[in-house]
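Here is how the chains run, residue by residue.
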Amino acid sequence: MVYVNLMTENNKRRQVISIVEGDRISNLPEHLSDSILERLPIQDVIRTSILSKKWRYKWTTIRAVVFDEQISKKLAKNGAFGRHGFIRVINQVLLLHKGSIHKFYLYIPNMFLDSFQEVDQWMLFVSTKGVEDLTVANSNQLYQLPSCVFSCLKLRKLQLTNCIFKPPLLFEGFLYLERLALKNIDFTTDLGGTAINLPQLKGLTMHSCTNVYHFKIKATKLLTLFVTDCCDVMLLELLHSQRLSCVCTLLQKPVKDFVRLKRMNLALLFTKMPEVQFFSVDGHFLKVFIAEKGKWFPQAVNSLRRLWLIGLSLGDLDHLHGVLCLLRNSPKLEELRMKHIHTESELMRHGVEAASNHLESPDCLDQTLNRLRTVELSPLQGSKPELLFLKLLLAHSPSLEKFTIQSDGTLDANKWFNIAKDVMRFPRASSKAELIYLDPKSCKNVLTTLQFCY
């Protein structure tokens, strides 16, 4: 019995030793362990080299090399070439790396750099590694992308911030690129009318870019387009896809150069995107495109289901004409969201009276909104044009289910209650329409919410 017990104890010890020597992660298939490493911060990936001989050089073959904002700022505290400095550490990591790099993310912090020479070398190195997902998030001075970036022909996703976009003369395009996000990009060079070929592009986002009229693309499979704060954009040069379903264009400031924009109008714009289901513009956009009054769409936009209007004033007659034009020409619209603002012009009696008179005219909206189910309007101040517009929507929406109204926070309880009573008395075409009054504190940032589409 003693002998048997000793043998049992020895077997248990061998089993424990066996489990320790062959831990589960080390015995995972290589593609799974690589997938785990790619999800860890780069500093933790490198630390795995001390686990065992098997793990010593495993980090040097990871396919995702990410220097995000957190790690880059931490390294920047040690300077550029210090022992743990920003440039020195990245140089060492890339020097020891072996194999392909499918994803490379580089955050360039706002620190002193003599030049971007080292960054150019990193881009050159990555361009030879078959990179498919490249991000350059630059918080430093403008960085001119080296020509090697445009030789990354396997790219499927490209995100650039604070860069100069100047492709080589012979550059034809990225044949496999599916997602392109550009922020604070300067398109300094005219490509001589040549459009960049992006045959697989499905999503394009542009924010606060300059000289955008130089940027011309041919993207026949584009599905989503977001352009914000790019006043000199030539939209027609971006609309070569009959598949566009989600389009957002927010100018965010008055447009001074009407010469370029005169080539476009709302009717022409919609002919370029016959399948659009989500459309969002702001008041500055409407101000420009409704300047040519009397020109309506030659045909209805039957594909449009969701309309978001941001930063407009119902007391501005141009804005009002734009809203009514879009409603009139969207017979299958199901959702309307409006982010209202109160400009100085609305405080002027003439502007408010002109808008109010138009809303009270019998032919103001000669179209029943048969499919409209959801309406959101915020923030509401209780002006006459606002209340007349609410009344108009309630009277022309037989399928309306939910109408959400939000105060701007400046109204006292009594005034807000009186407004609610007036709205409750408005005739409704829909017997099931529910009116919801929201507290101003629950207001969401519309620009942030919009990102769900991309």
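Analysis parameters
Residues numbered from 1 in each chain as written. Predicted model: local features only at pLDDT ≥ 70, side-chain atom pairs only at ≥ 80, totals over all residues. Heavy atoms only, no water. Helix = DSSP H or I, 4+ residues; strand = E, 2+ residues; numbered from the N terminus. Buried < 20%, exposed > 50% of the residue type's maximum accessible area, 1.4 Å probe, protein only. Contact = heavy atoms within 4.5 Å. Areas by Shrake-Rupley, 256 points an atom, 1.4 Å probe, with all protein chains shown as cover. Phe/Tyr/Trp six-rings, centres within 6.5 Å; stacked < 30°, edge-to-face > 60°. Axes fitted to C-alpha atoms, helices over the stretch in contact; angles between N-to-C directions. Parallel < 35°, antiparallel > 145°, perpendicular 65-115°, else oblique. Nonpolar A, V, L, I, M, F, W, Y, C, P; charged D, E, K, R; others polar. Arc of directions from axis to C-beta. pLDDT = per-residue confidence, 0-100. Core = buried A, V, L, I, M, F, W, Y, C linked by side-chain atoms within 4.5 Å. Expected span 1.5 Å × (residues − 1). Salt bridge = Lys/Arg side-chain N within 4 Å of Asp/Glu carboxyl O. Left-handed = near helix turned anticlockwise from the far one by under 90°.

Q: Outline the overall build of the chain, listing residues and values.
A: Check the secondary structure of the chain and you find 15 helices and 18 strands. Of all 454 residues assigned to the chain, the portion counted as buried reaches 46%. A separation of at least 24 residues holds for 65% of the contacts in the chain among residues at least 6 apart in sequence. A total accessible area of about 23400 Å² is found for the chain, and carbon and sulfur atoms account for 53% of it.

Q: Could you give an account of the packing of aromatic side chains, naming the residues involved and the relevant values?
A: Going through the model one piece at a time under the given rule, you end up with 12 aromatic pairs. Taken together, a centroid distance of 5.0 Å and an interplanar angle of 65° make the contact between Phe-171 and Phe-174 edge-to-face. We classify Phe-171 as buried; its relative accessible area is 13%. Among the aromatic residues, those joined into a ring-pair cluster are Phe-150, Phe-165, Phe-171, Phe-174, Phe-187 and Phe-215.

Q: Describe in detail the packing of helix α10 (residues 317-328) against helix α13 (residues 384-395), supporting the description with residues and values.
A: Where α10 meets α13, the closest approach of the two axes is 13 Å, and the angle between their N-to-C directions is 5°. By the criterion of interaxial angle, the relationship of α10 to α13 is roughly parallel. Residues Leu-320, Val-323, Leu-324 and Leu-327 of α10 form the contact with α13, whose participating residues are Phe-389, Leu-392 and Leu-393. Looking at the contact of α10 with α13, its residues break down into 7 nonpolar, no polar and no charged.

Q: Lay out the side chain of Ser-330 in plain terms, naming residues and giving numbers.
A: In this structure, Ser-330 sits in the loop between α10 and β15 (335-340). Looking at Ser-330, the relative accessible area reads 2%, which means it is buried. Ignoring sequence-local partners within four residues, the contact set of Ser-330 consists of Val-301 and Leu-304.

Q: Give me unusual backbone geometry: which residues, what numbers.
A: A cis amide bond links Ser-378 with the next residue in sequence, Pro-379, at an omega value of -15°. Along the polypeptide, Pro-379 turns up in strand β16 (residues 374-380). Here Asn-162, not a glycine, exhibits a phi torsion of approximately 60°, which is positive. At Asn-184, a residue that is not glycine, the phi angle is positive and equals roughly 55°.

Q: Explain helix α4 (residues 69-76) to me, using residue names and the numbers behind them.
A: All of the buried residues along α4 are Ile-71, Ser-72, Leu-75 and Ala-76. Angularly, the buried residues of α4 cover 135° about the axis, an arc narrow enough to put them on a single face. Of the residues in α4, the exposed ones pointing more than 90 degrees away from the buried face are Gln-70 and Lys-74.

Q: Let's hear about the confidence of the model for the chain: which residues, and what values?
A: Looking at the chain, the pLDDT average stands at 82 and 78% of residues meet or exceed 70. Below a pLDDT of 50 lies the segment residues 1-21, which in the model reaches 0 contacts outside its immediate sequence neighbourhood of four places, other chains included. Contacts from residues 446-454, a stretch scored under 50 in pLDDT, to residues over four places away or in other chains number 28 contacts.

Q: Outline the nonpolar core, listing residues and values.
A: Core analysis: the biggest nonpolar cluster contains 122 residues, and Phe-104 and Phe-215 have the highest contact counts within it. Broken down by element, the residue count for this core peaks at 7 residues, all from α13. Setting aside its immediate chain neighbours within four residues, Phe-215 contacts Phe-165, Leu-180, Leu-182, Phe-187, Ile-196, Leu-204, Met-206, Glu-237 and Leu-238. Residues Phe-226, Cys-246, Cys-248 and Leu-250 belong to the second largest nonpolar core, which totals 7 residues.

Q: Account for α13, naming residues and giving values.
A: With 12 residues, α13 should reach 16 Å at 1.5 Å per residue; the first-to-last C-alpha distance of 17 Å fits that figure. Most of α13 sits inside the fold, with 9 of its 12 residues counted as buried. Turning to α13, its buried residues number three or more, namely Pro-385, Glu-386, Leu-387, Leu-388, Phe-389, Leu-390, Leu-392, Leu-393 and Leu-394.

Q: Please give an account of the pattern of salt bridges that cites residues and values.
A: Within this structure, the stated rule accounts for 14 salt bridges. Of the charged contacts, one joins Glu-69 and Lys-73 as a salt bridge, the two residues approaching to 2.8 Å between their closest N and O atoms. With Glu-69 and Lys-73 both in helix α4, this residue pair falls 4 residues apart, about one helical turn. With its nearest N and O atoms 2.8 Å apart, the salt bridge here joins Asp-366 to Arg-328. Here Arg-328 lies in helix α10 and Asp-366 lies in the loop between α12 (349-360) and β16, a separation of 38 residues in the sequence. Salt bridges linked by common partners bring Arg-305, Glu-334, Arg-373 and Glu-401 together as one network.

Q: Any details on the packing of helix α5 (residues 86-96) against helix α6 (residues 117-127)? Residues and values, ideally.
A: Pairs of packed helices are described in terms of their axes, by the angle between the two and the distance that separates them. Axis separation between α5 and α6 bottoms out at 11 Å; the angle between their running directions is 20°. Taken together, α5 and α6 sit at an angle that is classed as roughly parallel. Of the two elements, α5 crosses α6, and the hand of that crossing is left-handed. Contacts between α5 and α6 pair Phe-86, Ile-87, Ile-90, Asn-91 and Leu-94 from the former with Glu-118, Trp-122 and Phe-125 from the latter.

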